[in-house]
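Take a look at the letters that make up each chain.
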Amino acid sequence: MKLKFTDLVVKGEFETYNIVIDYANGQDSEVRKITYGEKIGSLDIPEKIGYTFEKWVDESGKEVTKDTKITGPLNILAKYKINEYKISYELDGGKTTNPTTYTVEDEIVLNNPTRKGYTFSGWTGSNNDELQTRVTINEGTTGDLIFKANYSANTDTVYKVIHKYQNLDLETYTYVVEELNGATDTTVEPALLVKAGFDNPGLQELVIDGEGDSSVTYVYNRSRYTFNISDRTYVDSTSTNDGSYPYETEITLKAKNRSGYDFNWSDGNTDYERVIKIDNNLEITPVYTARTDTEYQVIHKKMNLDGTYTVADTENKIGTTDANVTPGLKTYVGFKQPELKTEKIKGDGTTKIVPEISDSIDNSELYRKMLVLQKVTGVNTTWAMGGFP
């Protein structure tokens, strides 16, 4: 009998293999026994803190799925991708350098920020609501984080107050700069530096910037004062004109010298010529006080027989300048007193008062008779003036 191959039935069993599934997340490995040629079957999606599962692979890195057929022993490993988390900061004007991402494998100590005009008080946020000046993101931490920087304002932050005082040219200014201290971000109203002769500006408010470059400027213009010489009769034309002048303007005063007078300005100064710097409204005038010791002369003359005059007496007197005087007369025997004479005393002391002598007798006729009598008698006779010989 002839056998056909198709009629043969071969009986036997396929070999079974160990399939080791390593979850690589700290979880115990799983061992499956799968017969040659069979599929692995369903595979769980494992979890690992800080990672995202990607796929299962064999020892050579080849991907393994539920449909992979077994042909021998097999070690399967879970493959993960590490997660990256965000770190956000609210620095509130501060500056620092810190990472903006991290992974579960990182350990990070935060650098504290600095902010001008402030002192760092600590971090709050993902670390805690309690201020912490040292924050560590420990290895194994996951999830997005946020940290807020907190500060306390410094009380010694510098700010400047600039005082500008107008110069006499009215165009430029002299600066006085104060460097003061105060609490950052507070509002202050710096005081003025008041100086005589300058108009005070209005007060200004200033917010103290933490950068230390805050400033306020006060401008002080020169006060203007009126000047007036109330009587310019004896004032030289080189004196400053009446008007309004800025503080410290030089004012020239020049009065004329008047003989026979004592001089002073109405403010008591006795210099004829002076320069003052105006620092207030000023009305001034020269004051002349007549001297009471101004010299003058009274000259008394006697008439001679020939009609001429001879000085009989000279009186040196003193009186008040520019006052009218009427000196008394002298009496001489044989002479008629002249009329009283009134004159003003000149301040330069040159006043000479000579009373006008007028005789009621024609002295020229007397003189003629005297000559005839001398010729007849041969006697040289002295005649008295003012009457008969």
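Above this text you will find the structure in question.
I will try to describe carefully the structure that is included in this document. This structure is a prediction, so every number in the text was calculated from the model and none was measured.

## Observations concerning the nonpolar core
Here is step 1: Core analysis: the biggest nonpolar cluster contains 26 residues, and F227, I251 and L253 have the highest contact counts within it.
Here is step 2: Looking at this core, the elements with two or more residues in it are β12 (157–166), β16 (214–220), β17 (224–229), β19 (250–254) and β20 (261–265).
Here is step 3: Those residues in contact with L253 that sit more than four places away from it in its chain are F227, I229, S239, W265, Y272, E273, R274, I276 and I284.
Here is step 4: Core analysis: the second largest hydrophobic core is formed by 16 residues, I19, W56, A78 and Y80 among them.

## Here we look at the sheet that holds β12
Here is step 1: Taken in spatial order, the three strands line up as β13-β12-β16 in an open sheet, and their pairing is mixed. Two strands in the sheet have a free side with no partner beyond their single neighbour: β13 (173–182) and β16. Along the sheet, successive strands turn relative to each other by an average axial angle of 20 degrees, direction set aside.
Here is step 2: Two elements, β12 and β16, share seven bridges in a ladder whose sense is parallel. By the bridge assignment for β16, Y159 is matched with S214.

## Here we look at the side chain of T124
Here is step 1: By the secondary structure assignment, T124 is in strand β9 (residues 118–125).
Here is step 2: T124 gets classed as buried once you look at its relative accessible area, which sits at 12%.
Here is step 3: Of the polar contacts made by the side chain of T124, one reaches the side chain of N150; its length is 3.1 Å.

## Focus: the sheet that holds strand β6 (residues 85–90)
Here is step 1: If you trace the four strands from one edge of the open sheet to the other, you get β7-β6-β11-β9, paired in mixed fashion. On the outer flanks of this sheet lie β7 (101–102) and β9, each paired with one strand and no other.
Here is step 2: Pairing between β6 and β7: two bridges, direction antiparallel. By the bridge assignment, K86 is partnered in β7 with T101.

Rules and cut-offs
- Residues numbered from 1 in each chain as written.
- Predicted model: local features only at pLDDT ≥ 70, side-chain atom pairs only at ≥ 80, totals over all residues.
- Heavy atoms only, no water.
- Core = buried A, V, L, I, M, F, W, Y, C linked by side-chain atoms within 4.5 Å.
- Buried < 20%, exposed > 50% of the residue type's maximum accessible area, 1.4 Å probe, protein only.
- Helix = DSSP H or I, 4+ residues; strand = E, 2+ residues; numbered from the N terminus.
- Contact = heavy atoms within 4.5 Å.
- Pairing = 2+ DSSP bridges.
- Axes fitted to C-alpha atoms, helices over the stretch in contact; angles between N-to-C directions.
- Polar contact = N/O pair within 3.5 Å; in protein donor to acceptor, adjacent residues only side chain to side chain.

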